Amino acid sequence: MQTWIRSGGIRSSGTFCTGVALMVTLFSWSSPLTGTSNSTTATATLVDENSITLSNNIRQTSQPRWIEIDLSEQRLRAWEGNKLVHSYRISGGKRSTPTPIGRFRINSKYRTHRMRGRGYNIPDVPYTMYFYRGYAIHGAYWHNRFGTPVSHGCVNLPVKQARNLYNWASTGTLVVVRK
C-alpha cells in the first residue's frame, strides 16, 4: 500500500516538475539571432486578470479592450489598453431616465433587436450590445441629436459608428460608465 501511494506521488510530482520545467524553458528561451551577440529574454508579467504582458526588448502586449462612457461629455471612447481606438459622440439617458453609472460587461449582442418600454416601442434597433439589465449601447436611426441626453437610459450612437463598435467589441468587454 505504501509503495503504491509513494509511486503515485512520484508520478504526480513528476508531472508537476515537467510543467514547471516547460514554463521555465518557455520564458527563458533566447532567440538564436545570427550575427548578433545580444540575446533576448522573454518575460511574462500579469497585468490584470485578462492579459499577460510579454517583453522581448520591445514591449508586446495583449491589452484588453474596454469601453468608457463619459456622460458629462456625452462621449464614448473605445480603448485597447491605454490606446484610444474609437471616440464617438453619444446620447445618454435623460435626467428622468438616466444611464446607470458603474462598471459592467457586455453580456449579449444582437445585430438588430426590438426595444420596448414605457413610452417607446422601436423595431430593428441596430447593433445592440446589452451591458446591464435592459440598458444597451446601440445605433439610433430615429434621431440625430448626438451629444445631447435624449434616451431612456441606453447609450445611442449613429448607426455607422454603432456598427464599428459592435464589430470591435465582444461579449465580456468591460464597459465603464461615469458622470
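What counts, and at which threshold
- Residues numbered from 1 in each chain as written.
- Predicted model: local features only at pLDDT ≥ 70, side-chain atom pairs only at ≥ 80, totals over all residues.
- Heavy atoms only, no water.
- Salt bridge = Lys/Arg side-chain N within 4 Å of Asp/Glu carboxyl O.
- Helix = DSSP H or I, 4+ residues; strand = E, 2+ residues; numbered from the N terminus.
- Buried < 20%, exposed > 50% of the residue type's maximum accessible area, 1.4 Å probe, protein only.
- pLDDT = per-residue confidence, 0-100.
- Contact = heavy atoms within 4.5 Å.
- Pairing = 2+ DSSP bridges.
- Core = buried A, V, L, I, M, F, W, Y, C linked by side-chain atoms within 4.5 Å.

1. A word on the pattern of salt bridges
For step 1, the next point in the chain: Overall, the coordinates contain 4 salt bridges when judged by the stated rule.
For step 2, the next point in the chain: The residue Glu 80 makes a salt bridge to Arg 65 at a minimum N-O spacing of 3.2 Å. Within this pair, whereas Glu 80 is found in strand β5 (residues 75-80), its partner Arg 65 is found in strand β4 (residues 65-70), the two being separated by 15 residues in sequence.
For step 3, the next point in the chain: We classify Glu 80 as partly exposed; its relative accessible area is 26%.
For step 4, the next point in the chain: For the salt bridge of Arg 77 with Glu 73, the shortest nitrogen-to-oxygen distance reads 2.6 Å.
For step 5, the next point in the chain: When salt bridges with common partners are traced through the structure, they connect Glu 68, Asp 70 and Arg 178 into a single cluster.

2. Quick word on the confidence of the model for the protein
For step 1, the next point in the chain: For the protein, the mean per-residue pLDDT works out to 78, and 65% of the residues sit at or above 70.
For step 2, the next point in the chain: Of the regions scoring below 50 in pLDDT, residues 1-60 engages in 43 contacts with residues more than four places distant in sequence or in other chains.

3. Description of the pairing of β4
For step 1, the next point in the chain: Two elements, β4 and β5, share 6 bridges in a ladder whose sense is antiparallel. Considered in β5, the bridge of Ile 67 is made with Ala 78.
For step 2, the next point in the chain: Counted between consecutive antiparallel strands, the loop separating β4 from β5 contains 4 residues, among which Gln 74 sits at a positive phi close to 50°.
For step 3, the next point in the chain: Two strands pair when backbone bridges link them, and β4 and strand β12 (residues 174-178) are joined in this way by 5 bridges, in the parallel orientation. Following the sheet pairing, Asp 70 is matched in β12 by Arg 178.

4. Description of the nonpolar core
For step 1, the next point in the chain: Of all hydrophobic cores here, the largest spans 22 residues; its most connected members are Ile 67, Ile 69, Leu 76, Ile 137, Leu 165 and Val 175.
For step 2, the next point in the chain: Looking at this core, the elements with two or more residues in it are β4, β5, β9 (120-132), β11 (155-157), α2 (159-168) and β12.
For step 3, the next point in the chain: With 4 residues, the top contributor of residues to this core is α2.
For step 4, the next point in the chain: Among the nonpolar cores identified, the runner-up in size contains 6 residues, and Met 115, Ile 122, Ala 136 and Cys 154 belong to it.

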